[in-house]
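Analysis of the macromolecular model
As a plain string of letters, each chain reads:
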Amino acid sequence: MTLPILQQKIENQTAKLAVIGLGYVGLPVACEFARVGFHVLGVDIIQERVDEINRGLSPIEGDEPGLTELLEDVVGQRKLHATTNYADLKDRDVILIDVETPIDDDHQPRYEALRAVLNDLGPVLKDGALVIVESTIAPRTMQDLVLPVLEESSSKRLNQDFFLGNCPERVMPGKLLANLRYVSRVVGGMTSETAETMMSLYKYVVDAKLDSTDCVTAEVVKTTENAYRDVNIAFANEVALICEDIGANVWEVRELVNKSPGRNMLFPGAGVGGHCIPKDPWLLVANVAKDFEPLLIPAARSINDGMPLHMVDLTVEALRECGIGIDDSRIAVLGYAYLENSDDTRNSPSKVLVERLQDLGAEVVIHDPYITEYQGDIMEATRGCNVFVIMVAHDVYRSFDWNDLSIDHGKVALIDGRNVFNPDQINLQSICYCAVGRRKSNEQQDK
Ligand code: SAJ
């Protein structure tokens, strides 16, 4: 099948689609294309996930507005069917790949899942099919990995027997469908004609700007947009550390800096977690020539990874000021998700903090209103604790009257990693308070 014929099949929606990888990206993607009228085959290696989807049930955790209803709808209309059998892909005209692309402890990309998909897809790949990688990958991965592996496994030739593109996703937990529909996308084709055909496909589901380009540019854009955010968060974190040392309040500094035209200083905090910000900067630099060594992006990662450990330092300091030995401490860690008002714990900075505090001999109690095993009334859950460390700015912590603590708990230490508190509203006689980016509490008490 030639590209013009494929484009025609896309435009009259007779093209048969597939999505490989039915996780928090692939499943909503499959539902969206089914919603607009394509027949979509979903492929995953987890049989129970496939079975759940074919029953119209979503395996995605967390609150995803509209997803459960949409999935039930498109499965009921037989527009979406899931399978573990790659042979079912033999009649598919367009195949989207949405599998995990993690990094290892050495910050190197791990493409085992992607390679496995390409090796299994090749033998059943239909003549003239279009394969689109939506997963986030390091620049040059399409050219140096996806293309050779797929040509080898399919015994087909690019742009003769199949077509290839890269269209990174820009989803966020909690807004999966909304982001798929209303956030612009970069559409990278191995040829400009392929990019145009991809545009005609994505026009059905994206109600936002589609920017066509080549694959390398698409790979660089996706990893850069998250590296950009990581570097900017690291800048805010380093200014916070300077403020602690100098004796200023970084939150006041940030507010005044951002009054200067063209400034937009982000929020310092207890660390940077999640599924993409800690990973994508490493993907961006993964394939650069060894004679060029990026400095800023790795340094930003180091600063941000250091923030949970800085919270440990602040906690130990607060204990000392309170006259509480670490062995006598019972520390409440407030917030275990990586983001406020979320139940997603991937790369949670709190995990680093808890492990370090336990290594130091502290007894740690975790509370998080969004995580089943850590839910409960704050006062009940933290009874007997004499140290409270705020790691996540869940709304419930912002509205809690922390002065109540000292009634039940006596003299306590409060370490604020997310500017949840205004120290002017805290009774510093009964609470030793310290925070990321603020002068030390003893200086406050002296002022
Ligand atoms: N964080 C800070 N300071 C900030 C912002 C975030 O410390 O000023 C921390 C958060 O607490 C969290 C981590 O960084 O631990 C990541 O937060 P995030 O707001 O960046 O949320 P993510 O990880 O869900 O990032 C996603 C990304 N979206 C996609 O990859 C499609 C990112 O590109 C978006 O910029 C971000 O959402 C968003 O909120 O827009």
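Above this text sits the structure in question.
Description of the structure in this document. (Residues numbered from 1 in each chain as written. Predicted model: local features only at pLDDT ≥ 70, side-chain atom pairs only at ≥ 80, totals over all residues. Heavy atoms only, no water.)

So, the overall build of the protein chain
If you tally the helices and strands in the protein chain, you get 17 helices and 13 strands. Computed over C-alpha atoms, the radius of gyration of the protein chain comes to 25 Å, within 12% of the 22 Å expected from 2.2 N^0.38 for 447 residues, which places it in the range of a compact globule. Viewed in the frame of its principal axes, the protein chain has a C-alpha envelope of about 80 × 50 × 40 Å. In the protein chain, buried positions account for 54% of the 447 residues. Put simply, 73% of the contacts in the protein chain that link residues at least 6 apart link residues at least 24 apart. Surface exposure of the protein chain reaches about 19500 Å², of which carbon and sulfur atoms provide 49%. Placing the 42 positive and 69 negative side-chain charges of the protein chain at their respective mean positions leaves the two points 4 Å apart. (Helix = DSSP H or I, 4+ residues; strand = E, 2+ residues; numbered from the N terminus. Rg over C-alpha atoms; globule rule 2.2 N^0.38 Å. Buried < 20%, exposed > 50% of the residue type's maximum accessible area, 1.4 Å probe, protein only. Contact = heavy atoms within 4.5 Å. Areas by Shrake-Rupley, 256 points an atom, 1.4 Å probe, with all protein chains shown as cover. Lys, Arg positive; Asp, Glu negative; His and termini not counted. Charge placed at Lys NZ, Arg CZ, Asp CG, Glu CD.)

Digging into the sheet that holds strand β4 (residues 94-97)
The sheet built from eight strands is open, its strands ordered β3-β2-β1-β4-β5-β6-β7-β8 with mixed pairing. Of all strands in the sheet, those with a lone pairing partner are β3 (80-83) and β8 (210-214), marking the two edges. Averaged over neighbouring strand pairs, the angle between their axes works out to 25° when direction is ignored. Pairing geometry for strand β7 (residues 185-189) and β8, over five bridges, is parallel. Among the inter-strand pairings, G188 is bridged to a residue of β8, identified as T213. Seen against the sheet, helix α5 (residues 112-121) touches β1 (16-20), β4 and β5 (129-133) and runs at an angle of roughly 160° to β4. The strands touched by helix α9 (residues 215-246) are β6 (162-166), β7 and β8; relative to β8, the strand with the most contacts, the crossing angle is about 120°. (Pairing = 2+ DSSP bridges. Axes fitted to C-alpha atoms, helices over the stretch in contact; angles between N-to-C directions.)

Thoughts on the site of the ligand
Of all residues adjacent to the ligand, which total 18 residues, the nearest are N226, R229, F267, G273 and Y338. Residue K222 places a side-chain N or O atom 3.1 Å away from an oxygen atom belonging to the ligand. Here R229 contributes a side-chain N or O atom positioned 2.6 Å from an oxygen atom of the ligand. Expressed as a share of its isolated accessible area of 740 Å², the protein-covered part of the ligand is 85%. Among the detected pockets, the ligand sits in the second largest pocket. Here the shell around the ligand is built from residues that sort into 10 nonpolar, four polar and four charged. (Near = heavy atom within 4 Å. Polar contact = N/O pair within 3.5 Å; in protein donor to acceptor, adjacent residues only side chain to side chain. 1 Å grid on protein atoms, 1.4 Å probe; cavity = no way out; pocket = protein on both sides within 12 Å on 5 of 7 lines; lining within 4 Å. Sits in = over half its atoms within 2 Å of the grid points. Nonpolar A, V, L, I, M, F, W, Y, C, P; charged D, E, K, R; others polar.)

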